[in-house]
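Residues per chain are reported as follows:
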Amino acid sequence: MSGDIIARSFGRQAFGLSPENYQSARPPYPHQVWDLLRKRAGLRSGIAILEIGAGTGLATEHLLDHEPRRLLAVEPDRRLAEFLRARLHRDEFEVIEQTFEELAEAPQSFDLVVSATAFHWLDAVPALRRIHALLRDGGAVALIWNVFGDNIRPDPFHEASAHLFAGHRPSPSGGGTVQTPYGLDSQARISDFEEASFQCELPVMVEWTLTLDPPAVRRLYATYSNVVALEAEKREALLDALEDIARADFGGVVTRNMTTSVFIARRK
């Protein structure tokens, strides 16, 4: 495979192979995320929220806990959209099975727009300009990422397994590469906000660790877009190798560095 980055359009179908596995394998967002959205982004009861790239609802369920008047989730993958509808039943909740670029909502329809570990699949500035138009005056957008690794703290499992990914196409998220991951590149993200006429606050980075046994390593890596992009036989061989490294070289206990980034901006 070439070293080219996986096309953004692949994100529309990259995560629906097994929604059940994605839901169970991906870690939840730290509670600090929702505290920040309440304090800085106006997350509260009675508002209208748009969520972009809702997936299986790892963020959606917490947004619904705040009792919005309306929560519209945009999810282009039919398999994920159906899973999300079946999992979360609320009168105020609606899932639209289409891309954000295709969304036809009236201007100034929302008080808050949220995208959790999904926005790197969009062309940032045009998407933010669309968000700006969809927000009411004083409305906010919150972009959130759970980032695996940070290029700063020691990461033994990543180092021990990096050779398995040699030559594979990296994700637009930048995870597992020598570059700064998309969700941790504060200067670039703030620049995007400013170009789209948003007033951006300083981002918040929450550092934590994720502990996995070998089967959990397999389940987690099976949700990565650069793994899903492989042919089935190569994908299973890679997952076998990752599980073997976790068991043989790490005694069955793998610790991955996590950083959750939260970028909040308001409509000028």
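For the structure, see preceding data.
These remarks concern the structure in this document. (Residues numbered from 1 in each chain as written. Predicted model: local features only at pLDDT ≥ 70, side-chain atom pairs only at ≥ 80, totals over all residues. Heavy atoms only, no water.)

1. As for the environment of Arg218
Turning to step 1, where the next piece is worked out: Within the secondary structure, Arg218 is located in helix 8 (residues 214-221).
Turning to step 2, where the next piece is worked out: Along the chain, Arg218 and Gln23 lie 195 residues apart, while their C-alpha atoms are 14 Å from each other.
Turning to step 3, where the next piece is worked out: Look past the residues within four positions of Arg218 in its chain and what remains in contact with it is Glu236, Leu239, Asp240 and Glu243.
Turning to step 4, where the next piece is worked out: A polar atom in the side chain of Arg218 sits 2.9 Å from the side chain of Glu236. (Helix = DSSP H or I, 4+ residues; strand = E, 2+ residues; numbered from the N terminus. Contact = heavy atoms within 4.5 Å. Polar contact = N/O pair within 3.5 Å; in protein donor to acceptor, adjacent residues only side chain to side chain.)

2. Notes on the environment of Leu212
Turning to step 1, where the next piece is worked out: Along the polypeptide, Leu212 turns up in strand 7 (residues 204-212).
Turning to step 2, where the next piece is worked out: Since its relative accessible area comes to 8%, Leu212 is described here as buried.
Turning to step 3, where the next piece is worked out: Each C-alpha atom, one on Leu212 and one on Leu50, is 32 Å from the other, the two residues being 162 residues apart in sequence.
Turning to step 4, where the next piece is worked out: Once you skip the residues sitting within four places of it in the chain, Leu212 turns out to touch Val217, Leu220, Gly252, Val253, Val254 and Arg256. (Buried < 20%, exposed > 50% of the residue type's maximum accessible area, 1.4 Å probe, protein only.)

3. Here we look at the packing of aromatic side chains
Turning to step 1, where the next piece is worked out: Applying the stated criterion to the full structure yields 11 aromatic pairs.
Turning to step 2, where the next piece is worked out: Seen from their ring centres, Phe15 and Tyr22 are 5.7 Å apart, and the 70° between their planes marks the pair as edge-to-face. For the pair shown, Phe15 and Tyr22 are each scored as buried.
Turning to step 3, where the next piece is worked out: Seen in terms of ring centroids, Phe157 and Phe250 are 5.4 Å apart; in terms of plane orientation they differ by 70°. Their pairing is edge-to-face. Here Phe157, found in helix 6 (residues 156-161), pairs with Phe250, found in the loop between helix 10 (232-248) and strand 8 (254-267); they are 93 residues apart in sequence, far enough to count as distant.
Turning to step 4, where the next piece is worked out: On the basis of relative accessibility, which here comes to 0%, the residue Phe157 falls in the buried class. (Phe/Tyr/Trp six-rings, centres within 6.5 Å; stacked < 30°, edge-to-face > 60°.)

4. Looking at the pattern of salt bridges
Turning to step 1, where the next piece is worked out: If you walk through the whole model with that rule in mind, you get 18 salt bridges.
Turning to step 2, where the next piece is worked out: Residue Asp155 is joined to Arg256 by a salt bridge in which the shortest nitrogen-to-oxygen separation is 3.0 Å. Of this pair, Asp155 sits in the loop between strand 5 (135-148) and helix 6 while Arg256 is found in strand 8, placing the two residues 101 residues apart along the sequence. One exposure class covers both Asp155 and Arg256, and it is buried.
Turning to step 3, where the next piece is worked out: Overlapping salt bridges, with partners in common, bring together Arg218, Glu236, Asp240, Glu243 and Arg247 in one network. (Salt bridge = Lys/Arg side-chain N within 4 Å of Asp/Glu carboxyl O.)

5. Side note on unusual backbone geometry
Turning to step 1, where the next piece is worked out: A positive phi angle, near 55°, is found at Glu67, a position not held by glycine.
Turning to step 2, where the next piece is worked out: With respect to the helices and strands, the residue Glu67 is situated in the loop between helix 3 (60-65) and strand 2 (70-74).
Turning to step 3, where the next piece is worked out: Here Ser197, not a glycine, exhibits a phi torsion of approximately 70°, which is positive.
Turning to step 4, where the next piece is worked out: As for its placement among the helices and strands, Ser197 is situated in the loop between helix 7 (186-195) and strand 6 (198-200).

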